[in-house]
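# What the coordinates show
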Amino acid sequence: MNPPHDTRAVIPIRPLDRQARGAARRTPKGRQVAPAARERVAALCAGLEPRPDLLIEHLHRLNDAEGALRRGQLAALAERLRLSQVEVYEVASFYHHFHVVDDEAAAPATTVRVCTSLACAMAGGEDLLARTREALAGRADVAVEEAPCIGQCHQAPAACAGQRQLPQATAESIVDHVARGETGPRQLPHPLPNDLAQLGRLLAGDLTPEGVIAELKAAHLRGLGGAGFPAWRKWDTVRAQPGPRHGVVNIDEGEVGTFKDWLVLSMGAPQVLEGVLVAAEVVGLDHVWLYLRDEYHDLRPMLQREIDALAPRLQALRERFPHYRPPRVELRRGAGAYICGEESALIESIEGRRGLPRLKPPIVAMNGVFGRPTLAHNLETLWWVPELLAQGGAAWAALGRRGRHGLRRFSVSGRVNRPGVHLAPAGITLRELVDEFAGGMQAGHELRAYLPGGASGGILPASLADVPLDFDTLAEHGAFVGSMAVVVMSQHDSVRDAALNLMRFFEMESCGQCTPCRAGTGQLVRLMQAPRWDAERMDELSAVMREASICGLGQAAPNPVDSVRRFFAPEVGL
Amino acid sequence: MNTNDLPRHAAPIAFTLDGRAVEAAPGESLLDAAERAGVVLPRLCASEGLRPAGNCRACVVEIEGERVLAPSCCRAPTAGMVVRSDTPRAANARRTVLELLQADAPATTALKHDSELAHWARETGARAGRFAPRGAIGEDLSHPAMAVNRDACIQCTRCIRACRETQGNDVLGLAFRGGHAQIVFDQNDPMGASTCVACGECVQACPTGAIAPANGAFAKPSLQRVDSVCPFCGVGCQLRYHVDESGRIAHVEGIAGPANEGRLCVKGRFGFDYAHSPERLMRPLIRRADAPKDPTAIERRDWRELFREASWDEALDAAAAGFRAALGATAARGRASPVAGFGSAKGTNEEAYLFQKLVRTAFGTHNVDHCTRLCHASSVAALMEGLGSGVVSNPLRDVEHAELVLLIGANPAQNHPVGATWIKNAIRRGTRLVLADPRRTELARHAWRYLGFSPGSDVALLNAMLHVIVAEGLTDPAYIAAHTRDFDAVQAHVAAFTPEAMAPVCGIEPEAIREVARAFATAKSAMILWGMGVSQHAHGTENARALIALSLITGQIGRPGTGLHPLRGQNNVQGASDAGLIPMVLPDYARVNDASARERAEALWRLAPGTLGAEPGLTVVEIIEAAYRGDISAMLVQGENPAMSDPDAAHARAALAGLKHLVVQDIFLTETAALADVVLPATAWPEKTGSVTNTDRCVQLGRKAVASPGEARADAWITEQLARRLGLGWGYGIAPDGSGTGDGAQGIGAVYEEMRALMPSIAGLSWPRLWRDGAVTYPVSDEQDPGQPVVFTEGFPMPEGRARLVPAALVPPAERPDSEYPLVLITGRQLEHWHTGSMTRRSAVLDAIEPSPVVSLNPATAERLGLRAGALARVRSRRGAIALPVRVDEAMPPDTVFIPFAYAEAAANLLTNPALDPLGKIAELKYCAVDVRPAAHEAASA
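Described in the following lines is the structure provided in the data block. By convention here, each chain's residues receive numbers from 1 onward along its written sequence. Chains and ligands are labelled by the order in which they are written, letters from A for the one and numbers from 1 for the other. Given that this is a predicted model, residues contribute local features only at a pLDDT of at least 70 and side-chain atom pairs are listed and counted only at 80 or more, while totals for whole chains, interfaces and linings are drawn from all residues. By convention in this description, side-chain values take in all heavy atoms of the structure and omit both hydrogens and water.

This part takes up empty space enclosed by the protein. All names here are of chain B. Lining residues are defined by having an atom within 4 Å of a point belonging to a cavity or pocket. Those points lie on a 1 Å grid over the protein atoms alone, cavities being sets where a 1.4 Å probe fits but cannot get out and pockets being open sets with protein on both sides within 12 Å along at least five of seven lines. Grid points are joined across faces, edges and corners, and a volume is the space filled by probe spheres set on the points. On inspection of all chains with the given rule, the structure shows 19 cavities of 30 Å³ or more. Estimated volume of the largest cavity: approximately 510 Å³. Helix and strand definitions here come from DSSP, where helices need a minimum of 4 consecutive H or I residues and strands a minimum of 2 consecutive E residues; each element is numbered from the N-terminal end. Elements supplying a minimum of two residues to the lining of the largest cavity: helix H10 (372–375), helix H19 (532–535) and strand S33 (823–828). In terms of residues, the lining of the largest cavity owes the most to one element, S33, which gives 3 residues.

Here you go:
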């Protein structure tokens, strides 16, 4: 795994040679702000309000311009935001996409990130990384890094050169893009337009807030970010809290194998925004933040355009409906941290801090952004809201199979003929999903195992290919669907290697807050490399992580280990 | 379980713990409730006084109906909750957590003998070596006070919460993530090169010794622990000395005193080794006949060059003989007496009381004063004039009840560090701070508004604020009508002080003045804190009058979170003043011209009626002036260092050198002692027992913890011995070694009880009560009275109970910059050095952090003067010149110079102006005109 992104200060083993007695410090204690750094930071951060909660946005300005974060500039930024240096540094050093360097250090003009998470690793990601490093070895202005899942699992192996996402990358294609300077975000086609029809109905009184919630209930719509919490209940809970209430849209899908949100947003951003506006009106939200993972560079300008384009339309609605108070909608940029997909970590990040999950209780619905009651939803959940209001919740619910409700977007990758996002009935089995939607197994590959829900959801054997896939249905097998990230493995794939890859991912992405996850993931990575696994120690680690970790990351991180021991024991000498 | 421990009136919450019915107080954590029920759960990240973080997971328990285990430190029981701590599921999880942490940090007991990690590992049965060790990270030994060993760190973040949430210093943080997460200073800088102010709160918070005293003091248990009070400023923090087997103070821990709740600063935590300095005076000294008094050669002299050792009897006889001779040479007494005394605000109340009693009775004069004259004399003058009392109206910690705090002319982050933490805590909870100071000091980052006014223009700024409040109708007419008089005078006076007219004078934009004035007047509660930036001016009394008016006309006094708080500088300046160590008043501020007060004192002191004079004595600067003229020929100085602390120090030193007889009691050969005829070695603070009164009027007990070196004796004992030799039949029986008992009938307790008889303010605080309670705030009328932290709630100790409003005149500083001396000099203290540095410069840690004098300059000013950081500058005023290196500091305003006065080798007071405030008689230590230029340059051109 990568070392922390920092050129570590060398801490002396012996006391610093103090100046001889009689020589005092030439400045007050600690690093002082140089005028040049102050001016540079002011220029780069022009137009950004100097608020501490916008720290990460400020850091992006500096990192984008300089290729790294210079200590002198961080000191100047701290002064500008009236923070202490450590308050800036601890945030800067937390996120993968920031690099802290000394003032005089060379910083890369371009950073190439090569994905080595499971789907890409199965497609040769490690090899791509090695060859890219070799090909760019002479370029001092280019840094090559190993990256955790960047959400292009269906086009593996994937990489990102600067801000240019590169599907089915080769060392040559990466070098070509760098050489041509094509490292900016790729252009996306316009998403499907949206006429805010359901919002209009709501404002006109054709639809009541209670009616909206009733439709969500009839649809059995559940949160599609992974937890599957009934949407209507969340709306009801937040709605009952005292104002002001806020909203958060989670566009930080980072679960290994998940890429559906990219597709939903690239095709349907306007519909997502309508979902946001409907939720805001029903629940009474005055401020909504859209938190977009930094890996989706291409979505960022598009989404900002769509948000900007809302303003005149909302103005028109305000003229038609004078009582209407649309929420403030704000786009925030992540900075490379899987943990920020956890809603309370995401909220910490929105507030400009390290993405450390909060302890629950209190739940986010009661105590979210800036301590206010907050409705937090995955974007796909909100995308469905206008859709359900248009076609009726009950009709949608009827589309599921085996008594499950509605449709699900499965991100399918691995050894299938048509990897990609497949909209399929809830309750579909893996075999049906592969055969009916994903074009069947690739030639020469037979189903051996699959991940039903990304890195966290466990690993199931082919013998369980006929169980329905949906929330709650896999619990008896020690697995869950989560964000429906299905990675299909064949007889050519090592389940043991896959599990180790996933555990390394968790080790790298653990926030480090609580002992079981911080120490447990690393200990498991170590134990998993033994030819014969140590079942007793693994049992203890698995138990403490499941039972005593603060958030879902640590609680689910033992799943790959437990699955392998349950279904593939011979592979690990048990 | 005993519910008597619960807060009264709070309905207990019944829940089930391990099958037993248990009750918790509302809001109490499961961890605490369980402990009261006898179920002690391991905990590492949880620590009393710190916000629970719930990250270590060592205290997890099962809660019925919950999917996963819950951290008991972060959960409050609810009615009917069913909790199990004793299941294998919970116990195994706790043990595995300890095993994981032990794997990360296996050797903590070598750093901290009572490592909490090792303790809980034992308690939970954690097996050593169960999991693989973590890679070594290494030590950071860059700081003189503290050693950081990250291999012992378990990322519990107690140090971070202590640094940031308790102290508000914001130096420590958790950087990186996952298994690489680690504590860092600033930007992962070496601690010694960081912005760390070495308060040591992290050391106190760390459960494993990963941050520990650099001297290794945590590695072994202390032999003896003694609770006492810190001597290093007026905040009055309570602390616990840990004494090792060699009788030295190995380390110091903050304890829960009312002023500090366990907090300390760098001086209080790391500055006590001065008491063990090899330079301590061990035997009485008598001046050698062949060693003339040279006022130009007094810096850090070896006593052997100037003195010979003597027995106590010989030295005390010589001291007394000199005073008798001086008194015998003239019949003049009272103001004209040839003898004067400087007591100390660094000693105990009992010492101050005995000292003034000695001077008043043995020398027949009120010529007794102390450094209050150099700190808040003007504030006290204005407060006495306006409110009839010189005390603070509200304790410092009342800032937590204030909606707005106006802090002017004070730098508590350096001078009252623990006081500053309360201000920062309040700001975090929503209090708005207005910081008014020419220097942009540390608290500016936390301030709602910072007003960087021109040095010496306080009255312009404050009168403009008063103008806005009056002109915009923001006064509190009901309060003014009920509790004040002479509002008309102030109203008429401030009419001309429009913000527009004053902006050019004070350098603050009119709109900023208006905004702050409105916010102050309309706040639900607004409190004013000020320091020596207000008082140490020739117009110090005017400054204080304006602040008093601000508070009174807006009714911001007499309630929690309001009022007036002049931050007292020295640890016992309040108590020494209370005890009568002032030329105008007897104990408890009874004016010497009050015949009944004199009669009471004469009766108690068994003096013939009429012995005490009705005319106030001379003040500090006046005494030095009289000595210079030769009108005063003999002086007794106890623990003061006027050769360093008085303005125009060359003049003061010449005056002291010219005395026929100078007796100095001190622990070191101070610059003043170098000019003495007799030097009497005294006990240091940790070597004696006595009471002390902090800035909040809280009387606390300092306790003897270590033996004094050689033949050093307690100041109170010395005073008693002198008194006996001067014909006063004192019989307190004070212990020579400075020890005390709870007995109020003899020894130091008897002194206190005699003093209390003259002091209605502490009538209810007997010596036995103080011995028992350790801290009581006066006024305290009887044994049952808990003491009154907030005063003036029902009016003032003035005629009709009304405060008097006095217009503040716009008086310019006595000496303005001109072409020859174009810059303004401000003097003051540094965080690490206290007063004249006699103690702190002999502390290894404090000396290592700030080893030498510096002159601070704004970068632009330094550049204009051709001075680079670290270059040697020559600073010259009409009174003297010193040379010292430049510190470039953006907090300095342009054309302004700051020099700390703790350094004998570049004594700032050689430069300062002895111009006096007419009422308070305080000198203008915060403003004089100087010239600054490269030292080499001048040498070359000379």
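Now that the structure has been shown, we can carry on.
Our focus in this paragraph is the interface of chain A and chain B. We call two residues contacting when some pair of their heavy atoms lies within 4.5 Å. Between chain A and chain B, the contact holds 73 residues from the first and 81 residues from the second. What counts as a salt bridge is simple: a side-chain nitrogen of Lys or Arg found within 4 Å of a carboxyl oxygen of Asp or Glu. Put simply, chain A and chain B have 11 salt bridges between them. Polar contact is defined as a pair of N or O atoms within 3.5 Å, subject to the rule that within protein one atom must be able to donate a hydrogen and the other to accept it, and that residues adjacent in sequence are counted only when both atoms are side-chain atoms. Our count for the contact surface shared by chain A and chain B stands at 39 residue pairs in polar contact (both at pLDDT 80 or more). Elements that contribute at least two residues to the side of chain A that touches chain B include exactly helix H3 (71–81), helix H4 (85–92), helix H17 (495–509), helix H18 (515–527) and helix H19 (535–548) of chain A. Take the side of chain A that touches chain B: its biggest share by element is 8 residues, from H19(A). Basically, the charged four are Asp, Glu, Lys and Arg, the nonpolar ten are Ala, Val, Leu, Ile, Met, Phe, Trp, Tyr, Cys and Pro, and anything else, Gly included, counts as polar. By residue class, the composition of the side of chain A that touches chain B is 33 nonpolar, 17 polar and 23 charged.

A separate point is the pattern of salt bridges. The full count for this structure, using the stated rule, is 111 salt bridges over all chains. In this structure, Glu35(B) and Arg43(B) form a salt bridge, with 2.7 Å as the shortest nitrogen-oxygen distance. Residue classification places Glu35(B) among the partly exposed residues on the basis of a relative accessible area of 36%. Note that Asp86(B) is salt-bridged to Arg84(B), the shortest N-O span being 3.1 Å. Three exposure classes are used, based on accessible area relative to the maximum for each residue type with a 1.4 Å probe and protein chains only: buried under 20%, partly exposed in between, and exposed over 50%. A relative accessible area of 44% means that Asp86(B) is categorised as partly exposed. On the basis of relative accessibility, which here comes to 33%, the residue Arg84(B) falls in the partly exposed class. By sharing partners, the salt bridges in this structure join Glu49(A), Arg51(A), Asp53(A), Arg328(A), Glu330(A) and Arg332(A) into a single network.

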